[in-house]
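Observations on the model geometry
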Amino acid sequence: MTGMSVDIIQLDKGWEKMKEGIDKFTQIMENDFDNSFPLVLHSELYATCYAMCTQKAPHNCADDLYKKYGTMYEEQLQKSVLPAIKAKKGEAMLQEFAKRWKNHKLLVRQMWKLFVYLDRFYIKRVSALPLKAVGVQKFEQVVFNAVKEEVRAGVLGLIEKEREGEEVNRELLKSVVKVFVEIGDWRPLFPTRTGEEIGDIGAARFNIYNKELETALLAATSEFYARESASWIGTDSCPEYMKKAENRLQQEVDRVAAYLHSTTEEKLLKECETQLLANHQTVLLDKEETGCRALLREEKTEDLKRMHKLFLRLPNSTTCGLQPISQIVREHIVDVGMSLVRKEEAEKDHTNYAQQLIDLHDTYLALVQGPFGNNTLFQKVLKEAFEVFVNKDIGNATTAELLSTFCDNIMKTGGDKIEGEIDTILDKIVMLFSYLSDKDMFAEFYRKQLAKRLLLNRSASDDDERSLITKLKYRCGAQFTSKLEGMLTDMNVSKDNQAAFSTWITSNDQVQLGMECSVTVLTTGFWPTYKVDDVTLPTELIKCVDKFTQYYESRTSHRKLKWIHTLGTCVLAGKFEAKPIDLVISTYQACILMLFNQQEEYTTLDIAQNTKLPMDELKKYLQTLALSKYTILTKNPKVKEMVDTDVYTFNRKFTDRQRKIKMSLLVTKVSQDEKAATKATVDEDRKHAVEASIVRVMKARKTMTHQNLVMEVSTQLMKLFKPDPKVIKNRIESLISRAGGCTSTWHDRAKSGLCLRPCGGPGGGGFL
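Residues numbered from 1 in each chain as written. Predicted model: local features only at pLDDT ≥ 70, side-chain atom pairs only at ≥ 80, totals over all residues. Heavy atoms only, no water.

**Things to note about the overall build of the protein chain**
Heads up, the condition is: The numbering of helices and of strands both runs from the N terminus, where a helix is a DSSP run of H or I of at least 4 residues and a strand a run of E of at least 2. C-alpha atoms define the radius of gyration in this analysis, and the globule rule sets the expected value at 2.2 Å times the number of residues to the power 0.38. Each residue is assigned to one of three classes by its accessible area relative to the maximum for its type, calculated with a 1.4 Å probe on protein chains only: buried under 20%, partly exposed between the two thresholds, exposed over 50%.
The helix and strand tally for the protein chain stands at 28 helices and nine strands. The C-alpha atoms of the protein chain give a radius of gyration of 47 Å, which is well past the 27 Å a tight globule of 768 residues would have. When the backbone C-alpha atoms are referred to their principal axes, the protein chain occupies close to 150 × 70 × 65 Å. Of all 768 residues assigned to the protein chain, the portion counted as buried reaches 46%.

**Some points on the sheet that holds strand β3 (residues 601-603)**
The condition is simple: By definition, two strands form a pair when at least two bridges between them are found by DSSP. All axes are obtained by fitting lines to C-alpha atoms, using only the stretch in contact for helices, and the reported angles, taken between N-to-C directions, cover 0 to 180 degrees. Residue contacts are defined here by distance: any two heavy atoms, one from each residue, within 4.5 Å place the two residues in contact.
With antiparallel pairing, the three strands of this open sheet are ordered in space as β3-β5-β4. The sheet terminates laterally at β3 and β4 (633-636), the two strands that pair on one side only. Adjacent strand axes in the sheet meet at a mean angle of 25 degrees when their direction is disregarded. Inspection of the sheet shows β3 paired to strand β5 (residues 647-650) by three bridges, in the antiparallel sense. Paired with glutamate 601 across the two strands is threonine 649, which belongs to β5. Across the sheet, helix α24 (residues 604-611) is in contact with β3 and β5; its angle to β3 comes to roughly 90 degrees. In this fold helix α25 (residues 615-626) packs onto β4 and β5, with an angle of close to 110 degrees to the strand it touches most, β4.

**Let's talk about the pattern of salt bridges**
For clarity, the threshold we go by: Criterion for a salt bridge: a side-chain nitrogen of Lys or Arg within 4 Å of a carboxyl oxygen of Asp or Glu.
Evaluation of the coordinates by the stated rule reveals 38 salt bridges. A salt bridge links glutamate 600 to arginine 652; the nearest nitrogen and oxygen atoms lie 3.1 Å apart. Here glutamate 600 is found in the loop between α23 (587-593) and β3, whereas its partner arginine 652 is found in the loop between β5 and β6 (660-662), with 52 residues between them in sequence. You can call arginine 652 partly exposed: its relative accessible area is 36%.

**Observations concerning the packing of helix α1 (residues 11-30) against helix α4 (residues 90-114)**
Test applied: Oblique is the label for any angle not covered by the other classes, which are roughly parallel (under 35 degrees), roughly antiparallel (over 145) and roughly perpendicular (65 to 115). Each crossing gets its hand from how the near helix is turned against the far one by less than a right angle, where anticlockwise is left-handed and clockwise is right-handed. Residues were grouped as follows: Ala, Val, Leu, Ile, Met, Phe, Trp, Tyr, Cys and Pro as nonpolar; Asp, Glu, Lys and Arg as charged; and all remaining residues, including Gly, as polar.
At their nearest, the axes of α1 and α4 sit 11 Å apart, and the two run at 150 degrees to each other. If you check the angle between α1 and α4, you find them roughly antiparallel. Relative to α4, the crossing made by α1 is right-handed. Between α1, through Ile22, Phe25, Thr26, Met29 and Glu30, and α4, the contact on the second element is made entirely by Arg100, Asn103, Leu106, Leu107, Gln110 and Met111. Here the contact of α1 with α4 is built from residues that sort into six nonpolar, three polar and two charged.

**Concerning the packing of aromatic side chains**
The geometry of an aromatic ring pair comes down to the distance between the two centres and the angle between the two planes. So the rule is basically this: By convention, a stacked pair of Phe, Tyr or Trp rings (six-membered ring in the case of Trp) has centres within 6.5 Å and planes under 30 degrees apart, an edge-to-face pair has planes over 60 apart, and any other such pair is tilted. Lysine NZ or arginine CZ positioned within 6 Å of the ring centre and within 35 degrees of the ring normal marks a charge as sitting over the ring.
Counting across every chain of the model gives 27 aromatic pairs. Considering the side-chain rings of phenylalanine 548 and tyrosine 551, the 5.6 Å spacing of their centres and the 55 degrees angle between planes classify their relative orientation as tilted. Residue phenylalanine 548 and its partner tyrosine 551 are located together in helix α22 (residues 539-555), separated by three residues, close to a single helical turn. When its relative accessible area of 1% is taken as the criterion, phenylalanine 548 is described as buried. Following the ring pairs from residue to residue traces out a cluster consisting of Phe501, Trp504, Phe548, Tyr551, Tyr552 and Trp563. Seen from the ring of phenylalanine 433, lysine 439 lies directly overhead, with NZ or CZ sitting 5.8 Å from the centre.

**Structural notes on helix α8 (residues 207-235)**
This is how the line gets drawn: By definition here, a helix of n residues has an expected span of 1.5 Å times n minus one. Bend, in this description, refers to the angle at a residue between axes fitted to the seven residues ending there and the seven starting there.
End to end, α8 covers 41 Å across 29 residues, agreeing with the expected 42 Å (1.5 Å per residue, within 8%). Roughly 40 degrees is the biggest bend found in α8, and it falls at glutamate 214.

**Things to note about unusual backbone geometry**
In this chain, asparagine 636 is followed by proline 637 through a cis amide linkage whose omega measures 5 degrees. You can see proline 637 is positioned in the loop between β4 and β5. Its identity is not glycine, yet lysine 612 carries a phi of approximately 60 degrees, on the positive side. Here lysine 612 is to be found in the loop between α24 and α25. Overall, lysine 612 belongs to the exposed group, its relative accessible area being 57%.

**Description of the nonpolar core**
The criterion, for reference: Nonpolar core, defined: a set of buried Ala, Val, Leu, Ile, Met, Phe, Trp, Tyr and Cys residues in which side-chain atoms within 4.5 Å join the residues together.
Ranked by size, the top nonpolar core spans 88 residues in total, and within it Met307, Phe311, Ile325, Phe386, Phe389, Ile429 and Phe442 carry the most contacts. Excluding residues within four positions of it along the chain, isoleucine 325 makes contact with Gln281, Leu285, Cys292, Met307, Phe311, Phe372 and Phe378.

**Re the environment of tyrosine 621**
Relative to the helices and strands, tyrosine 621 resides in helix α25. Under the relative-accessibility criterion, tyrosine 621 is labelled buried at 5%. A C-alpha to C-alpha distance of 7.6 Å links tyrosine 621 and tyrosine 588, two positions 33 residues apart in sequence.

**Let's talk about the pairing of β4**
Going residue by residue along β4, you find Leu633 and Lys635 tucked away on one face and Thr634 and Asn636 left uncovered on the opposite face. As paired strands, β4 and β5 are joined by four bridges and run antiparallel to one another. Looking across to β5, one finds that threonine 634 is bridged to threonine 649.

**Describing the sheet that holds strand β2 (residues 580-586)**
The three strands lie next to each other as β1-β2-β6, forming an open sheet whose pairing is mixed. Taken across any chain shown, the strands that pair with only one partner, and hence form the sheet edges, are β1 (569-575) and β6. For this sheet the average axis-to-axis angle between neighbouring strands, irrespective of direction, equals 25 degrees. Bridge analysis of β1 against β2 gives seven bridges, and the strand direction is antiparallel. Residue valine 571 lies in a different strand from β2, and its bridge partner there is valine 584.

Laid out in structure tokens, this is it:
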């Protein structure tokens, strides 16, 4: 409005009024707010500040008010706060320090309300320090810097007392520590309306806390636990030491949660871990009667779990963290495994060896998955340890052979009965299989045993057979199990063929076999190689062979049948004086017994001439018929020794309580000759595998040094077997010598270089 005059407020007069109000609030604060600050006075002071800041120049007092605002804090802190703190010692000093900081925050908040116009307009215009920051800054400069050393010493002293078992005032510690944090970052202390605060200063907000308290705290912590751990390590057992260390670490976590800032936890624990764990790890693990080895021997799972939990905190190296523990675990497992190998070598029967390996693996797998938290480092050492002794031969038998035999025993009818789910057992078998370096050896033995189970109808479950093959396929790939899958497919196809053959017989009136005939057609390449013998079959069997051949050739013209009688079985009706008994026997045994339909007695030589069986094999079959549990034939003379002139007659007086008996088939057992032949087959297959690998590598690389070629081939073949470098070298030389149109060159031996070039030009051919 015009014509009205506005009174000018002079600086001195205005500030005198403001100072009276400020002193009034300070007095109320010193008396612990026994009275409230008058609202009317607050309004008057705010109006005075507003008027002084909005007066036009030269009467505008904003700049001078801002300066007096800071001076006011300095005078009040020097006069009242600092002397009050310095007058006290120990905990009383800390309590006074915390109380004065709390009051100062209230004062700053109240002053901001009175001088808020400065904060909103003047400070933004001149880019000065905000009012609240000025209040905190003055406390830091006048009070904090003057007493920080005494305060820090008091805090560290209380923390050490607490570590030594004394009770301390945690709330007091929390309040004092909070001052170090809050002085570094004033914004959270005085919440205002949105938009009135400047941006966060990030990690710098903890500079004062880190510099003035945390650094000293970490040093004191390191020194304390260095002393304490040195006294423990000489007297305590490993489990006792770990319990104390675990307890101390938990105390430090609780301490941080109680009164330290959360950013301190990681650094504080690192100091504790260094002094309590890292500096004494070697001595602790190697304690003779209570160290890691002793805990493993005595199966102290709780202590091992604690050990893993503690040393998991440390970084891994050869002397620190979990790595030294894992190496001790590896050595322990190897020692136990080698003890089992030595014990087994002294035994004659190795039937239970695979089961013992499975039990041993279960024990240490439970250790890895339990106390060691299924840590990948311990999974690795478990694998490495088992690979050491699982690949040791037991006498003349390899573990691959024994594991395959174990599979055969549990997969065939009448085999070993095992506890637990069969699928779980198969998983354990495959796990052991994965440790074998000679996986191809296992595959060959397993293939021959599977063939016998299938052809002799002794497989307990087709589903179990397929399950194991699927698990092996997942582990080693489709190529590894292609033959095994082909064998099962052949059996299914043969069932369809047999049904069709039976229908063909029934529909053809001219064909009368006079017996049931079942034929299994095998695909060459899937099945083990069996020799095609020239045994003379009885007329009845010859008729069956001829009719099935006629039927099969009428169905297909591009396949040729080769008859193999080695794994054939027959059911003969034996007419004995007491009662008729059905005999389940092999085809060769049937050829021998059916001779006695023609005459009463034969010599060994006569039987050999009539059946054309090799004499060595014939004597084995005669032994099963005349000198075993079931004496179908009578031998004269009745001695174990067998000669060509021994006379055999049909034993009509033989009887048994069963109507149907299974004779020993011989072929169900793996003979030493068969084992040797299997190993020879594997060795021969390995030569071809090595050559094929060399060809693949050289086709891809064209030129390689000899050493690199050997390494590349070894890497490719390692999934199936561990190739001998000498064998690889011999195969390279063999390829070179057979190269013909290929060019090959040995470079200087010092360089060990080899160059193989494909024949047939750029377009193809391959290697010879």
